[in-house]
Structure formats: structure tokens, C-alpha cells
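Given next are the chains, with one letter for each unit.
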Amino acid sequence: MFIEVGLFEAGNNKLKVKICGVTRPQDIISCSNLGIDAVGFLLGDRFGRYPSDKLSLMEVANLINLVPNDMTSVVLIKSVDKEEIISIIEKTEPNAIQLQNPLISSETLKFLFHTYTKVEFIKTIKIQETDNVNSILLNALPFTKMVDAFLLDSARGGSGKTHNWNISKEVVGYLHSLKIPVVLAGGLTTNNVLHSVNLVKPNMIDLMTGVSLERGIKNIDEIKKLQNILKLNEL
Ligand SMILES: O=C(O)c1ccccc1NCC(=O)[C@H](O)[C@H](O)COP(=O)(O)O
């Protein structure tokens, strides 16, 4: 049974926070206690060289069962295969799917978006050194009618590296004019979160390295600090 949480419901303008690369039940509970809006799970071997934060389908399904109703479960996938993605959705029943592979076709995404209406689809766009606002928008525009949000990340996901936030700022401005929410990711920490959010004005922020003790182990003190900073600044 899918539970509707709705990260990107219209009219809710409060900044949301997603913590990514969660692997442990206790970190899900701590995130929930700290009012985190979403937790992300990395599904499968294609997520780079660290075995400690990559999860099997069964592990993801078991962790999703522990996510409280008021928090959104997000499964990050690299697959672009329609049947494989359907199987992932059916077996793990996430609130949201984050599509990490730029090669996903608009036909596949359109089908998924219109079939799984209770699942939110977030399409990641990675901002490379050579990108500019136009190249990012050219990437995004074919998908605008089949996603719930775009996520703007640095060139290498989960690397702790930031990117040119001036590009993100412009892209967010344009996507907001189309009423499409945007998530900002890439190297966010308690040190730079205020500056990045005030500049880029995303709907949600996504942090991994900056709130981890090591891959797959979350730094709960740092997540607490993050939430305090956002609260103190009325974000
Ligand atoms: O997207 C990837 O390729 C990836 C590879 C290995 C680990 C994680 C990956 N993506 C996860 C994310 O989307 C991160 O949450 C996002 O890049 C932010 O990460 P960080 O810069 O470490 O805060």
C-alpha cells in the first residue's frame, strides 16, 4: 500500500530537508525525531565504489517499512529500464523515486508518472563545469510534464562537492515560473546551507556527505545543528 505524503504539494512553501544515503534503522528514527522530511536510499551496485551505503532491493524494502507516515521515503535508482523500475516500485513501495540516470527516456518517465500517481518522481540533473543555464534547461524542459520535481546536483553525486549555485539560482527561477519544484544538492553542510538556500531558493535541500560520519552512517549531531540553523532563520 502506498502512503501519500506529498513532498511537493502546491501551497506548501516551507523548505524541506532530505537526508540521503541512509542505511540504518536508528538513523531513520533519529531523522524522524528531528523533523526531517525525507530520507533517501541508494539502490544497487551502480552507486559508486563505497559498498557501505548501497542497498539491495530487500534492504530498501525493509528500511522503507520503518519510515514513519509523516516522512517521505525516496529510492534513488540508476536503472532506465521500464520493467525494472516497475518491479522496484512494486517491491519497495516508496513515496518517491529519484531518477539518477540522465539516459531515462521521456516515454518511460511519462508512463511511470501517469501510472504511479501516488509516487513522486524526482529527476536529477547534474551540473558539470561546462554547463550553463541554457544547457541545464535544455536537459530539463523535455521532462517538465512528467516529474514532480527536479534535483540539481554537482557533477558527481554523493561527492560532497558544491557546484556553481548561480546557475542553480537561474534554473530554479525559471522552473518556478513553470510551477516546478526544485531540490538543491551537492556539498551542502551546516556551514554553507544558509548562503546556498538564500541564493538558490530551492523547495528542498538534500544532504549526504555533510551529515555523515562515514558512508552509510549519519552524523545525528550535525543533522540536529542543521535543523537548528534552519529554524533560527525561519526556513
Ligand atoms: O548520484 C550518484 O551517482 C551517487 C553516487 C554515489 C553515492 C551517492 C550518489 N547520489 C546521491 C545523491 O544524490 C546525494 O544525496 C547528492 O549527490 C548530495 O551528496 P553530497 O554532495 O554528498 O551531499
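Computed from a predicted model, the values in this text were never measured in an experiment. (Residues numbered from 1 in each chain as written. Predicted model: local features only at pLDDT ≥ 70, side-chain atom pairs only at ≥ 80, totals over all residues. Heavy atoms only, no water.)

Undergrad: I keep staring at the site of the ligand and nothing clicks. Help me out?
TA: Every one of the 20 residues lining the ligand counts as a neighbour, but K78, Q100, D153, D206 and T209 are closest to it. A distance of 2.8 Å separates an oxygen atom of the ligand from a polar atom in the backbone of G158. Contact between the ligand and T209: an oxygen atom at 2.3 Å from a side-chain N or O atom of the residue. If the ligand stood free it would expose 520 Å²; the protein chains cover 96% of that surface. Residue classes in the shell around the ligand are distributed as six nonpolar, nine polar and five charged. (Near = heavy atom within 4 Å. Polar contact = N/O pair within 3.5 Å; in protein donor to acceptor, adjacent residues only side chain to side chain. Areas by Shrake-Rupley, 256 points an atom, 1.4 Å probe, with all protein chains shown as cover. Nonpolar A, V, L, I, M, F, W, Y, C, P; charged D, E, K, R; others polar.)

Undergrad: I keep staring at the environment of K169 and nothing clicks. Help me out?
TA: Examined against the element boundaries, K169 turns out to sit in helix 6 (residues 165-177). Those residues in contact with K169 that sit more than four places away from it in its chain are L199 and V200. (Helix = DSSP H or I, 4+ residues; strand = E, 2+ residues; numbered from the N terminus. Contact = heavy atoms within 4.5 Å.)

Undergrad: Looking at this structure, I do not really get the nonpolar core. What am I missing?
TA: Ranked by internal contacts, the top residues of the largest apolar core, which has 60 residues, are F41, I97, F121 and I205. Looking at which element gives the most residues to this core, the answer is helix 6, with five residues. The residues touching I205, leaving out its near neighbours within four places in the chain, are L15, K16, V17, K18, V183, L184, L188, V193, V197, L226 and L230. Counting residues in each nonpolar core, the second largest holds 16 residues, with L7, V74, L76 and I122 among its members. (Core = buried A, V, L, I, M, F, W, Y, C linked by side-chain atoms within 4.5 Å. Buried < 20%, exposed > 50% of the residue type's maximum accessible area, 1.4 Å probe, protein only.)

Undergrad: Help me out: how do you make sense of the side chain of D27 in this one?
TA: On the secondary structure map, D27 appears in helix 1 (residues 25-33). With sequence-adjacent residues up to four places away left out, D27 is seen in contact with V22, G216, I217, K218 and I220.

Undergrad: Just to check I follow, could you spell out the UniProt feature "domain: N-(5'phosphoribosyl) anthranilate isomerase (PRAI)" (unreviewed entry) in the protein chain for this structure?
TA: Mapped onto the present numbering, the UniProt feature "domain: N-(5'phosphoribosyl) anthranilate isomerase (PRAI)" (unreviewed entry) falls at residues 17-226. Secondary structure within residues 17-226 divides into 35% helix and 23% strand; the distance between the first and last C-alpha atoms comes to 9 Å. (UniProt positions renumbered as here; feature names shortened; annotations may be inferred.)

Undergrad: It is not clear to me how helix 1 should be interpreted in this structure. Could you clarify?
TA: Along an α-helix, a turn takes 3.6 residues, which lines up residues three or four apart on a common side. For helix 1, every residue scored as buried is listed here: D27, I28 and C31. Down the axis of helix 1, the buried set is contained in an arc of 105 degrees. They therefore lie on one face. (Arc of directions from axis to C-beta.)

Undergrad: Honestly, the packing of aromatic side chains in this entry has me stumped. Any pointers?
TA: In this description, an aromatic ring pair is defined by two values, namely the gap between the centres and the angle between the planes. Enumeration over the complete set of coordinates arrives at zero aromatic pairs. Across from the ring centre of F47, 5.0 Å away, lies the NZ or CZ of K78, which sits over that ring. Cation over ring: K123 sits above F143, and NZ or CZ is 4.6 Å from the ring centre. (Phe/Tyr/Trp six-rings, centres within 6.5 Å; stacked < 30°, edge-to-face > 60°. Lys NZ or Arg CZ within 6 Å of the ring centre and 35° of its normal.)

Undergrad: Even after reading the chapter, I still don't get the packing of helix 6 against helix 7 (residues 193-200), so can you show me in this structure?
TA: Packed helix pairs are characterised by how far apart their axes lie and by the angle those axes make with each other. Relative to each other, helix 6 and helix 7 sit at 40 degrees, their axes nearing to 8 Å. When the axes of helix 6 and helix 7 are compared, the pair comes out oblique. Side by side, helix 6 and helix 7 meet where W165, N166, S168, K169 and V172 of the first sit next to H195, S196, L199 and V200 of the second. Partitioning the contact of helix 6 with helix 7 into residue classes produces four nonpolar, four polar and one charged. (Axes fitted to C-alpha atoms, helices over the stretch in contact; angles between N-to-C directions. Parallel < 35°, antiparallel > 145°, perpendicular 65-115°, else oblique.)

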